Amino acid sequence: MDIAENIRKIQNEIYEAAEMAGRKASDITLVAATKTNGADRILEAIRAGITDCGENRVQELLEKKRQGAYDGARLHFIGHLQRNKVKQIVGEVSLIQSVDSRELVSLIGARAKTLGIIQDVLIEVNIGGEAAKSGVKPEELEEILDFCAAEPSIRVLGLMTIPPKDAEKCENRYFFGQMHKLFVDTKAKKYDNISMEILSMGMSADYREAILSGSNMIRLGSAIFGPRPVV
Ligand SMILES: *Cc1c(COP(=O)(O)O)cnc(C)c1O
């Protein structure tokens, strides 16, 4: 598995999908989902052109950050965020992609205020309506955005989603389309503090479909680093 070669291939795919969608490849941010990969492999990806890294676990992120694993790239938190980890993550990453409750909004806002910073976040939406999945329901989005609008230490930059894992590709297209519609509708509403700029959707298996459906941020792990060890 040659990481640099994988990234080149992905960049070509992004270019082609963007072209097909009538958009610019430069408007699409490729986030490397770095979970389970060590600093050496992450740095190799950054040398090959990766500008953004996303990590899933707070502990793993902080350890690898100390080792300099993400030096030269922006860092995102993309995993499920536990309330008791909020203090450790706020201010450590440029974007928390997985905010899905008012409680998290309050905790992140309070911590950011203490640190004297504004924390950028995305709201995670459970577009497939799966029972066990994190993310707000589409019909709850407005309520959480109103709540965020009143939290000056938080800035919402957009939405993130992980469609149902077992969905067929055509189903994914449907969910991606639903997500894009939600993104566009929300953008049109113009809340305080909230700028709908980022639509984060698409992983290794479906990022082309996601781009065709309007995604401008894709999160890829195995397409860059190869299959992850099964844990
Ligand atoms: C692991 C992960 C990805 C990347 O998954 P791949 O299928 O390996 O591309 C994207 N988003 C989130 C939230 C992840 O946890």
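Scroll up for the structure.
The shown structure was predicted, so the numbers you read here are calculated from the model rather than taken from an experiment.

Can you help me understand the nonpolar core in this one?
Grouped together as the largest cluster of nonpolar side chains are 63 residues, with contacts concentrated most on I96, I123, L159 and I224. Residue contributions to this core peak at 6 residues, all from helix α1 (residues 3-20). The residues contacting L159, other than those within four sequence positions of it, are L122, I123, V125, L141, M179, L182, F183, M196, I198, L199 and S200. In this structure, L95, L122, M160 and M217 belong to the second largest nonpolar core, which totals 7 residues.

Could you clarify how one ought to interpret the side chain of S200 in this entry?
Along the chain, the position of S200 falls in strand β7 (residues 194-200). Since its relative accessible area comes to 0%, S200 is described here as buried. Among the polar contacts listed, one links the side chain of S200 to the side chain of R219, at a separation of 2.9 Å.

Is there a simple way to think about the side chain of E124 in this case?
As for its position among the elements, E124 is in strand β5 (residues 119-125). The side chain of E124 sits in the buried core without any salt bridge; K133 is the nearest counter-charge, 6.7 Å away. In this structure the side chain of E124 is engaged in a polar contact, spanning 3.5 Å, whose partner is the side chain of S134. Residue contacts for E124: discarding those within four places in its chain leaves Q97, S98, V99, D100, S134, G135, V136, M160 and I162.

I would appreciate a short explanation of the site of the ligand in the present structure.
If you check the shell around the ligand, you find A33, K35, N56, I78, I162, M203, S204, R219, L220, G221, S222 and R228 and nothing else. Side-chain polar atom of S204 to an oxygen atom of the ligand: 2.5 Å apart, as the coordinates give it. The contact in question runs from an oxygen atom of the ligand to an N or O atom on the side chain of R228, over 2.8 Å. When the ligand is considered free in solution it has 390 Å² of accessible area, and contact with the protein chains removes 89% of it. Among the cavities detected, the one that contains the ligand is the largest pocket. For the shell around the ligand, the per-class residue count stands at 5 nonpolar, 4 polar and 3 charged.

Any chance you could explain unusual backbone geometry here in plain terms?
Negative phi characterises most residues that are not glycine, and trans characterises most peptide bonds. Despite not being glycine, T36 has its phi angle at roughly 70 degrees, a positive value. Judged by relative accessible area, which is 42%, T36 ranks as partly exposed. Backbone geometry places K190, a non-glycine residue, at a positive phi of 55 degrees. Among the residues examined, K190 registers a relative accessible area of 69% and is labelled exposed.

Sorry, what's going on with the pattern of salt bridges here?
One side chain can pair with another of opposite charge once the charged atoms of both are near each other. Per the stated rule, a full pass over the model turns up 13 salt bridges. Its salt-bridge partner being D185, residue K181 comes within 2.9 Å of it at the nearest N-O pair. Of the two residues, K181 and D185 are both situated in helix α7 (residues 169-189); the distance of 4 residues between them amounts to about one turn of the helix. Look at D185 and you get partly exposed, because its relative accessible area is 35%. Residues participating in the shared-partner salt-bridge network are E55, E60 and K64.

What is the right way to read the packing of aromatic side chains from this model?
Each pair of aromatic rings is reported with the distance of its centres and the angle of its planes. Applying the stated rule across the entire model yields 1 aromatic pair. Positioned above the aromatic ring of Y207, the side-chain terminus of R208 is 4.6 Å from the ring centre.

Honestly, helix α2 (residues 39-47) in this entry has me stumped. Any pointers?
Side chains that are three or four residues apart share a direction in an α-helix, a result of its 3.6 residues per turn. Regarding α2, the residues found buried are A39, I42, A45 and I46. For α2, the arc enclosing every buried residue in end-on projection is 125 degrees, short of the 170-degree limit, so these residues lie on one face. Along α2, exposed side chains directed more than 90 degrees from the buried face belong to D40 and R47. Buried residues along α2 sit in contact with α1, β2 (52-55), α3 (58-66) and α9 (222-225). Phi turns positive one or two residues past the end of α2, at G49, with a value near 120 degrees.

Please explain helix α5 (residues 102-115) as it appears in this structure.
Under the 1.5 Å per step criterion, the end-to-end length of α5 is 20 Å for 14 residues, consistent within 8% with the ideal 20 Å. Among the structural elements, α4 (86-89), β4 (95-99), β5, α6 (141-149) and β6 (154-161) are those in contact with the buried residues of α5. Phi turns positive, to about 70 degrees, at G116, one or two residues after α5.

Each value, and the rule that gives it
- Residues numbered from 1 in each chain as written.
- Predicted model: local features only at pLDDT ≥ 70, side-chain atom pairs only at ≥ 80, totals over all residues.
- Heavy atoms only, no water.
- Core = buried A, V, L, I, M, F, W, Y, C linked by side-chain atoms within 4.5 Å.
- Buried < 20%, exposed > 50% of the residue type's maximum accessible area, 1.4 Å probe, protein only.
- Helix = DSSP H or I, 4+ residues; strand = E, 2+ residues; numbered from the N terminus.
- Contact = heavy atoms within 4.5 Å.
- Polar contact = N/O pair within 3.5 Å; in protein donor to acceptor, adjacent residues only side chain to side chain.
- Lys, Arg positive; Asp, Glu negative; His and termini not counted.
- Salt bridge = Lys/Arg side-chain N within 4 Å of Asp/Glu carboxyl O.
- Near = heavy atom within 4 Å.
- Areas by Shrake-Rupley, 256 points an atom, 1.4 Å probe, with all protein chains shown as cover.
- 1 Å grid on protein atoms, 1.4 Å probe; cavity = no way out; pocket = protein on both sides within 12 Å on 5 of 7 lines; lining within 4 Å.
- Sits in = over half its atoms within 2 Å of the grid points.
- Nonpolar A, V, L, I, M, F, W, Y, C, P; charged D, E, K, R; others polar.
- Phe/Tyr/Trp six-rings, centres within 6.5 Å; stacked < 30°, edge-to-face > 60°.
- Lys NZ or Arg CZ within 6 Å of the ring centre and 35° of its normal.
- Arc of directions from axis to C-beta.
- Expected span 1.5 Å × (residues − 1).

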